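Structural overview for review
One letter stands for each residue in the lines below.
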Amino acid sequence: MFLLPLTLLLCSSLSWAIHESDVGVIDWHKRLVGVPHAARIIHPENSSLVIVPTASNVLAALNLADGSVAWRYAFDSTDGIASFHVDGDSVVTLSGRGATNLRSFEATTGLITLDKRLEWPLSTGPTAVDVVFASDATFVLNTHSIARLGSGEVEWTWEAEDKSMPYTRLVQTPTGIYAVGLSSTSSSLYLAAVDPVTGGKIQIGWKHLPESVSSFVVAGECAAWVDPASQSLGFMRLTPTLKASIVAEKTMKWQEVVDVHLPDLLVGVLTSGDAKVLHAKEGGALEAIHTFPVNDGAHTLFSGGLDNTGEPYVVRLWTTADNTTAAEIFSATHGVAKVAFSLGHGTVTHLAVDGTRLVLTTSTGAVQLWDQNQLIWAREESLASIDVAAFVELPVPERVARVDESETFFARLTRQIGDARYFPEFVVGFAQRFAGAPPREDVIVSANNHSAALARDAYGFRQVLVVGTAHGTVYGLDSSSGEILWARVFGLGWASAVGGTVRPVKIFLVNSEDGADGEKDVVIIAQRKASNTLVDTVIFRINPVTGASVSPAEEDSGALLEGKDVISGPLTEAFLLPDSDIIILLDEFFQVLPYPDTDANTAVVTRRAPSIFMPFLESFEEGPRVLGHSLKLDPELSDRHVAFRTWGLTLPPGESVKKIVKPTPRPPAPIASLGKVLGNRTTLYKYLNPRMFVVLSEGSGEASIGCGVYVVDGAKGSILYSALVPAAGLGSACDVQATLTENWLVYHYYDGEGVGPGETKGWRVVTVELYEGELDEKTRSSELSAFSLESMQVEPLEQSYVFAHGITAITTTSTKYGISSKDIIVATQSNKINSIPRRLLNPRRPKNWKPTTEEMQEEQLIPYDPVMPDDPRRTISHNYDVVGTRQILTTPALLESTSLVFGYGLDMFLTRVAPSGTFDVLSESFNKAQLVLTVFGLGMGIGITRPMVRRKRLRERWYQ
Amino acid sequence: MSKNLEYSSLESSSKWRNLPPPPGFAKSASSKTTTKKSAPPPSSYDQLKEKRAFDFATAPAKSLPMQAFMLYMSGGGVQIFSMGIVVMLLLSPFKNLAGINEAFVPFAPSTAKDPKAFTTLLGQKLLYVACNALTLAVGLWKCRSMGLLPMGTGDWLAFETRGIAPEISLF
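Each chain carries its own residue numbering, running from 1 in the written order of its sequence. Key to labels: chains lettered from A, ligands numbered from 1, both in the order written. Residues qualify for local features only when their pLDDT is at least 70, as the model is predicted, and side-chain atom pairs are given and counted only at 80 or more; totals for whole chains, interfaces and linings, by contrast, use all residues. Note that the side-chain values use all heavy atoms of the structure and ignore hydrogens as well as water.

1. Brief notes about the overall build of chain B
- What counts as a helix is a DSSP run of H or I of at least four residues, what counts as a strand is a run of E of at least two, and both are numbered from the N terminus. Across its full length, chain B holds seven helices and one strand.
- Secondary structure elements in chain B, listed N-terminal to C-terminal, are α-α-α-α-α-α-α-β.
- Buried residues in chain B amount to 26% of all 171 residues.
- Summed over its atoms, the accessible surface of chain B is roughly 12000 Å², and 67% of this surface lies on carbon and sulfur atoms. Using a 1.4 Å probe on the protein chains alone, a residue whose accessible area is under 20% of its type maximum counts as buried, one over 50% counts as exposed, and one in between counts as partly exposed. For the accessible areas, the method is Shrake-Rupley and the probe is 1.4 Å, while residue cover comes only from the protein chains on display.

2. Here we look at the overall build of chain A
- When you go through chain A residue by residue, the secondary structure sums to seven helices and 64 strands.
- When each of the 960 residues of chain A is scored for burial, the buried share is 51%.
- We call two residues in contact whenever any of their non-hydrogen atoms come within 4.5 Å of each other. Relative to all contacts within chain A whose residues are 6 or more apart in sequence, the contacts with residues 24 or more apart total 51%.
- As displayed, chain A has an accessible area near 44600 Å², and 54% of this comes from carbon and sulfur atoms.
- Within this scheme the basic residues Lys and Arg register as positive and the acidic residues Asp and Glu register as negative, but His and the chain ends are omitted. Here the site of a charge means atom NZ of a Lys, CZ of an Arg, CG of an Asp or CD of a Glu. Distance from the positive charge centre (80 side chains) to the negative charge centre (108 side chains) of chain A: 8 Å.

3. Digging into unusual backbone geometry
Residues and elements named next belong to chain A.
- A cis amide bond links Ser551 to the next residue, Pro552, at an omega of 0°.
- In this fold, Pro552 is placed in the loop between β41 (549–551) and β42 (564–567).
- Following Thr664, the chain continues to Pro665 via a peptide bond in cis, the omega torsion being -15°.
- Note that Pro665 resides in the loop between β49 (655–661) and β50 (675–677).
- Non-glycine residue Phe590 carries a positive phi angle of around 65°.
- Relative to the helices and strands, Phe590 is located in the loop between β44 (583–587) and β45 (592–595).
- For Phe590, a relative accessible area of 12% corresponds to the buried category.
- Positive phi values are uncommon outside glycine, yet Gln860 reaches one of about 50°.

4. Some remarks on the packing of aromatic side chains
Residues and elements named next belong to chain A.
- Aromatic rings from Phe, Tyr and Trp, taking only the six-membered ring of Trp, are treated as a pair when their centres fall within 6.5 Å; an angle between ring planes under 30 degrees marks them as stacked, one over 60 as edge-to-face, and anything in between as tilted. Summed over the entire model, instances satisfying the criterion amount to 28 aromatic pairs over all chains.
- Centroid distance Phe139 to Trp156: 6.0 Å. Interplanar angle 45°. Geometry classified as tilted. Here the residue Phe139 occupies a position in strand β11 (residues 138–142), and Trp156 occupies one in strand β13 (residues 153–159), the gap between them amounting to 17 residues.
- In textbook terms, an aromatic cluster arises when at least three aromatic residues are bridged by ring pairs, as seen for Trp28, Phe391, Phe902 and Tyr904.

5. Remarks on helix α7 (residues 928–958) of chain A
- The end-to-end C-alpha distance of α7 of chain A is 45 Å, a good match for the 45 Å that 31 residues give at a rise of 1.5 Å each.
- Measuring from the backbone nitrogen of Ala929 of chain A back to the side-chain oxygen at the start of α7 of chain A gives 3.4 Å, which picks out Asn927 of chain A as the cap. Expected span of a helix: the number of residues minus one, times 1.5 Å. Whenever two N or O atoms come within 3.5 Å, that pair is a polar contact, provided that in protein one can donate a hydrogen and the other can accept it, and provided that, for residues adjacent in sequence, both atoms are side-chain atoms.

6. Structural notes on the UniProt feature "transmembrane region" (unreviewed entry) in chain B
- Under the UniProt annotation, "transmembrane region" (unreviewed entry) lies at residues 69–91 of chain B.
- Structurally, residues 69–91 of chain B comprises 78% helix and 0% strand, and the distance from its first C-alpha atom to its last is 18 Å. UniProt positions are given in the numbering used here, feature names are shortened, and annotations may be inferred rather than shown by experiment.

7. Re the side chain of Thr891 of chain A
- Its location among the elements puts Thr891 of chain A in strand β62 (residues 885–892).
- Excluding anything up to four places from it in sequence, Thr891 of chain A contacts Phe391, Gln463, Ser814, Ser899 and Leu900 of chain A.

8. Some details on the sheet that holds strand β48 (residues 641–648) of chain A
- With mixed pairing, four strands are arranged side by side in an open sheet as β48(A)-β47(A)-β46(A)-β1(B). The open sheet is flanked by β48 of chain A together with β1 (168–169) of chain B, the only strands paired with a single partner.
- For two strands to be treated as a pair, DSSP must find no fewer than two bridges joining them. Across eight bridges, the pairing between strand β46 (residues 612–620) of chain A and strand β47 (residues 623–633) of chain A is antiparallel. In the sheet register, Glu618 of chain A faces β47 of chain A, and the bridge partner there is Arg625 of chain A.

9. Examining the packing of helix α4 (residues 64–74) of chain B against helix α7 (residues 122–145) of chain B
All names here are of chain B.
- Between α4 and α7, the least distance of the axes is 11 Å, while the angle of their chain directions is 10°. Taken together, α4 and α7 sit at an angle that is classed as roughly parallel. Along its contact with α4, which presents Leu64, Gln67, Leu71 and Ser74, the element α7 presents Leu134, Thr135, Val138 and Lys142.
- Considered class by class, the residues forming the contact of α4 with α7 number four nonpolar, three polar and one charged. Angles here are taken between N-to-C directions and fall from 0 to 180 degrees, while the axes themselves are lines fitted to C-alpha atoms, restricted in helices to the stretch in contact. Throughout this description, any angle smaller than 35 degrees is read as roughly parallel, any larger than 145 degrees as roughly antiparallel, any in the 65 to 115 degree range as roughly perpendicular, and the remainder as oblique. In the scheme used here, Gly and all other residues not listed as nonpolar or charged are polar, with Ala, Val, Leu, Ile, Met, Phe, Trp, Tyr, Cys and Pro taken as nonpolar and Asp, Glu, Lys and Arg as charged.

10. Regarding the state of the cysteines
Residues and elements named next belong to chain A.
- Two cysteine sulfur atoms make up a disulfide if the distance between them is within 2.5 Å. Going through the model one piece at a time under the given rule, you end up with one disulfide over all chains.
- In this model Cys707 forms its disulfide with Cys734; the gap between the sulfur atoms is 2.0 Å. One quick way to see it: the torsion about the S-S bond of Cys707 and Cys734 is about -95°, and its sign makes the bridge left-handed. Here Cys707 is found in strand β53 (residues 707–713), whereas its partner Cys734 is found in the loop between β54 (719–725) and β55 (737–741), with 27 residues between them in sequence. Judged on exposure class, the residue Cys707 and its partner Cys734 are both buried.

11. Points about the interface of chain A and chain B
- Every contact between the two is made by 39 residues of chain A and, on the other side, 18 residues of chain B.
- Each of two parts loses accessible area, computed with a 1.4 Å probe, when they are put together; buried area is these two losses added. Contact between chain A and chain B buries roughly 2400 Å² in total, counting both sides, with carbon and sulfur atoms accounting for 59%.
- If you sort the residues of chain A by the area they bury against chain B, Leu674, Arg681 and Glu783 of chain A come out on top, with a joint share of 23%.
- Glu160 of chain B is the partner of Lys778 of chain A in a salt bridge, and the nearest nitrogen-oxygen pair spans 3.1 Å.
- Taken together, the connections running from chain A to chain B amount to 15 residue pairs in polar contact (both at pLDDT 80 or more).
- Listed by contribution, the elements that provide at least two residues to the side of chain A that touches chain B are β43 (571–576), β46, β50, β51 (683–685) and β52 (692–699) of chain A.
- When residues in the side of chain A that touches chain B are grouped by element, the largest group, four residues, is from β46 of chain A. Basic side-chain nitrogens of Lys or Arg form a salt bridge, by our definition, when they fall within 4 Å of a carboxyl oxygen of Asp or Glu.

12. Considering the pattern of salt bridges
All names here are of chain A.
- In total, this model carries 41 salt bridges over all chains according to the counting rule given.
- The salt bridge involving Asp751 is made with Arg764; its shortest N-O contact spans 3.4 Å. Of the two residues, Asp751 is situated in strand β56 (residues 744–751) and Arg764 in strand β57 (residues 762–771); the sequence distance between them amounts to 13 residues. The pair formed by Asp751 and Arg764 is uniform in burial state, with each residue classed as buried.
- A cluster of three or more residues bridged by salt bridges with shared partners is formed by Asp79, Arg103 and Asp115.

13. Remarks on the confidence of the model for chain A
Residues and elements named next belong to chain A.
- Confidence scores labelled pLDDT are given residue by residue by the predictor and lie between 0 and 100. Chain-level statistics for chain A give a pLDDT mean of 86 and a share of 93% at 70 or above.
- No element of chain A has a lower mean pLDDT than helix α1 (residues 3–14), which averages 42, and none a higher one than strand β60 (residues 824–828), which averages 95.
- Note on residues 1–15: pLDDT under 50 across the span, and 17 contacts to partners over four residues away in sequence or across chains.
- Below pLDDT 50 for its whole length, residues 439–451 participates in 28 contacts with residues either more than four positions away or in separate chains.

14. With respect to the sheet that holds strand β3 (residues 49–53) of chain A
All names here are of chain A.
- Ordered in space as β2-β3-β4-β5, the four strands form an open sheet in which the pairing is antiparallel. What marks the edges here is a single partner per strand, and that holds for β2 (40–42) and β5 (69–74). On average, adjacent strands in this sheet sit at an angle of 20° to one another, irrespective of strand direction.
- Sheet topology places β3 next to strand β4 (residues 58–63); five bridges connect them, and they run antiparallel. Across the sheet, residue Ile51 finds its bridge partner in β4, namely Ala61.

15. Considerations on the environment of Ala715 of chain A
- Along the polypeptide, Ala715 of chain A turns up in the loop between β53 and β54.
- Exposure remark for Ala715 of chain A: the relative accessible area of 3% places this residue in the buried category.
- For the pair Ala715 of chain A and Phe787 of chain A, spaced 72 residues apart in sequence, the C-alpha to C-alpha distance is 8.3 Å.
- Apart from residues lying up to four places away in sequence, Ala715 of chain A is in contact with Phe613, Trp647, Arg691, Ala786 and Phe787 of chain A together with Glu167 of chain B.

16. Quick word on the nonpolar core
Residues and elements named next belong to chain A.
- Judged by nonpolar contacts, the single largest core of 37 residues is most densely connected at Val50, Leu62, Val359, Ile386, Val467, Phe902 and Met908.
- Looking at this core, the elements with two or more residues in it are β3, β4, β32 (366–371), β34 (386–393), β35 (463–469), β36 (473–478), β63 (899–905) and β64 (908–913).
- Aside from chain neighbours lying at most four places away, what touches Val50 is Ala39, Arg40, Ile41, Ala60, Ala61, Leu62, Leu64 and Val359.
- In terms of nonpolar packing, the next biggest core, distinct from the first, is built from 24 residues, Val709, Leu740, Tyr747 and Val766 among them. Only buried Ala, Val, Leu, Ile, Met, Phe, Trp, Tyr and Cys residues count toward a nonpolar core, and they belong to the same one when joined by side-chain atoms within 4.5 Å.

17. Re the pairing of strand β29 (residues 335–341) of chain A
Residue and element names in this part refer to chain A.
- Relative to β29, strand β28 (residues 325–331) runs antiparallel, the two sharing seven bridges. The partner of Ser331 across the bridge, within β29, is Gly335.
- Here β28 hands over to β29 after three residues, the two strands then running antiparallel side by side.

18. Quick notes on the pairing of β32 of chain A
All names here are of chain A.
- Counted residue by residue, β32 has five buried out of six residues, so it is predominantly covered.
- The pairing of strand β31 (residues 357–362) with β32 spans five bridges and is classified as antiparallel. Within β32, the position partnered with Thr361 by the bridge is Val367.
- Counted along the chain from β31 to the antiparallel partner β32, the turn is three residues long, and its residue Gly365 has a positive phi close to 85°.
- Pairing of β32 with strand β33 (residues 374–380), which is carried by six bridges, proceeds in the antiparallel orientation. Bridge pairing in β33 places Ala366 opposite Glu380.
- A loop of two residues connects β32 with β33, the two strands running antiparallel in sequence, and Gln372 in this loop sits at a positive phi of about 50°.

Next comes the structure, spelled out in C-alpha cells:
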C-alpha cells in the first residue's frame, strides 16, 4: 500500500501538461471542413453563411464575410450524408444507410435541434430522398414514402402501394404535397398527391413521356423536362387531381433544363447556346424572364440563390477560351452583372451566389469567394485529404557559411574580413542574450511570427512540411505557423488533352543533386489516371523551400507542376534504397526501375540486389496477401532486375491481411541503446532485427475469429510474434492500431468480449518488447542474417492495459539520436491528441513480483495497474477539436529532446513534444541575471580581497 | 630591523664555549653514564619495537568499525559526504602502501642492516598490506553498493557495437 503515494509521485513528475502560455506558440491547429459537394448560402439573423456538405462527410457553415468556420459537424464514417436541405434558419440532413437518420441543425450555431431515426419500410434499389419545409412541419420523402414531422415527432407516414416506382422529388404547393418520380424503364412521370394535413392519398397517377427524357426539374407548381429527341420543352402543372395536361414548347430548340434551387425559377438551355431563365407562374405557365446570350467558352454552370433581402439571383458561369472564368449574374430587379476573373488552376465544380458575390469550389479543392473581380477569401480544403506528407529541414542560413575545403589562404582571409561586418550585430546579440532578454522569436520559433525569412532556426523547430493531396495539389507548409508557403498543382502531362487525375502515392526525401550541404529535394511519386483509363506513374521532384520543380527544371513556378513519366503503367511499389538517393520503382511486371535512371545507379542496384528483400501487399482474388520478394537479373526475360516472390505469409484459415504497419521512424533513426539495463546491472538485449514489420489481419466470414497482430521478418517471412485479439463485436470489423519502433510494439484494440465477472468491455492497449533472450543472453540480432538459426530466438515481454479512448492513429515520437525516451502519440476518437509516456508502457511494470529498491530506482518502475488513468495533462492538443485525424507524423528537431508531431486527416495539428523533458534547453524561468550577478559578485570579491591578502602575507613574512 | 639575527652561530664561536657546565649539569659524561645504567638490553628493546610494529600494522583494521559506521551513516546516495568518505577509504590504502617502508623505519630492529629495506619486519609489513587491503575492500564494497562499480553487463552496454545486417528489407 505504501507504493500508492510513490506511484502518484512518479506519475505526477512524468507528465507535463502543456502550459497555457505555450498554446498557439508551440502548436497550431487548422480547422478544415473538406472539399464541398455543394454549397448553399443562407442568411439567418442578418448573418450570411455558406452551408456545405463535404467529401470528408462533414456538414459545415462558413462565414461568408471571412471564410472562417462558423460551425461544423463531422458525421460518423458509417453515417454518410445522403442529402442536405436548407430553410431559413435551419439545416436538415439525411444520412446513413437508407438515409434514415434525420438531423436538424440551427443554422447560426450548428446546434442539433432534432436527431431522429426515421423508420422506413425496407426498399430495394436506390434510395432517393427529398425534404420540403412548411411553416409548421417538415415533409420528408424517402423513395416510396412521405413522412410529416411536426415538433420533432412523425405525425403521419404515407406509403405508396406500388413499390416499383421511386419518387425523387417532393413538391409543396398551396394545394397539396406532391411526390414526383421519373421512371426510365417505362418512360413515365409518376405523380402522387398527398393531403398535407392528414397524410391521406388524394390521387396517384402517371404521365407518359417520350422515351428519351432522362431528367426533370420542378419549380413552383411545374414539373419541366426537355425531350432531346424533339428538342422540345415539356411541362405540366401539379394539381391535386393530377389531371393537368402536358404542355410542349416547340418554338425553340431546347437542350436541357437546369435546377437552380430557387422556389419558382429554372434555367432552360437552348441548343444555340443561349440560356433562358424561366419563371414558373401561378397557373402552371412558364415565362422566360431573361436570356443569357451564347458565350465563347465551354464548361457552363448555372446556380441560383437568394440574397439577404430575399431577391433571387441566377448566375451562369463559364470558362472562356483564354482560360479566365466569366460569369453573368441576373436578378429581376438589379439586372445583369458581368464578372470575369482568373482562377489560377483547376475548374469550377459548383458555385453558389449571393448578390454579386460568388462562392466557388474548384477541382483542386479550393473554396473561394469572389466579389466582382476580387478574391475576398480562399480556403484550401484539399488539405483535408492529405495522401502523403513529409518534413523537410530548412537549409542553413546564408550567414552560417559552409567553408569550401579547397579554399586558399587569401580567399579565407577575404571571407573572414567580409564576415567581420556582422561583428557588431553579434556583440549586440551576445550582450542581449547575456542580459537575460533573449530575442524570443530567434530562439523559440513562434506560431504567431510569420514575418521571419525562411531559414533554419537554432533548434530546427522550423521545417517545411510538404503535403500532397488527393486532389492533385501539393503544398509547402511552414511547420512553425501552418501557413502555406507555396502551393502547386500537379500537371497532367500528355493527359491534359483528355483530362484526368493525379494522385500522389509516395513521398521521399533525397539529397539535392547540386547542393553538397545537406539540402534535400522532395520526390513525389504519383499515379496519373487519364480519362481514357490509361494509368501512368509520374515523378515530381520539387525544391521544398520554393516549390519549384527541380527535374524537369522550370522557370515559371506559377504554372502547373510538370513531372516526369517514368513508367507507362501502374506502379506496384516504390522504395528508397537505404544509404543512397536511389528510389527503386516496381512496375506492374515487377521490373525494377531505379530513379534517377543512370548507369551508376543501375550498377548500385546490381551490386546490392542480393541483399535486398521487399515485402509488400499483393491483391489476389481471395484477398490481399503479404508476399516477400527478392531481385534477380535474367537477361533472357528482361534487361532489368525483376522482383520475384520468395515467400508468402500464411495466415490461419479465415484470416485475411488488412494492413501492413511499417516500423517508425522512416528512415530509421539511430538506436541509442542495444539493451535494457535492469536494476541489478544485468541486461536484456533488445531484439533489433531491422527487417521487422507488423501485419494486421482480420477474420472474415460470419463467425469472426478475431484480429491478428503479427510481427514478421521481411526477408524470410517468419513470424516473430503473434497475437489474436477479439474483434470489436460479433461480425464487426477489426479496428486494431499498431506501431512498431526498434523492438517495441504497441497495439490498441476494442475488446467487446469481456462478459464474465471481473472482465470489462473496453479499449485495450498492449505493449510488447522483444528481447534476444533471458538476462545477459545475446545473439547480436541487429547484425544477424535473417537465415541464421539464432535470429528466431525472440523473447517477448508484454503487458496490457485498459485504455480510456478509442483511437484513430498511433505513432511514436522520434528524436535525432534516439536518446530521449519515446512516447506514444495517439489521436483519440474524442478529437484529442494524447501522448502516453514510455514509462507507463513499460512491460516490466511489476505485476506479480516485488521489485527491489534498486530496480524501482534504476528502472523507474511504476507498479502495474490494469487501468491506464485518463490523465488530461497528457493531452497535447490543448482544447482544440482536432477532428478526424487519420495519420500522425513525427520528426526530430535539431534538439535531441524535442520531436515535432503533425497530425492530419480532416484537421491539421502540429505541436512539439519533449518526452524526456527539455533537458538541453535552459528553462525560460532560468534566472540569468542572478547567475551573471553572482559571477560578477564573486569576481569583485576576488578583486577586492586579492590585494588585501597579498599585503597581509607580506606583513606576515616580516614579522614571522 | 631589517637584519637577520643568527643565533645558531653563536654557540660554536662563542667565547663562553669552554666554560664548565653549571653545577649538576653534566654535558656528556653524565648522560653517558645514565644511559648505560637505565637502558634495557637491545634485544628487549627490539621486542618492544616488534610489538609496536604489529600494533601499527593492525591499526587500519582497528579503525575499520568506525569507518564502517561512518559509511553506514553517510547513506547510499552519491553525495559529497559519502563520496568524501569513499574516496578516503579508497585512497588511504594506496597512500599507506606507498609509504610502507618509511612508516616501519622507527620499528626496525637495531640489527637491521637497512631499516628501509622491505625485508625488514616482513611479517608486520605483510599484515599491514592485508589490513590496508581490507580497508580497500570495504571502500570497494561501498562503491558497489552505491552502483559505482561496473560489475554487470549493463555497465558495458554503451561500449557494445553492432555491424550492419547482411540483408535489408525495404518498406
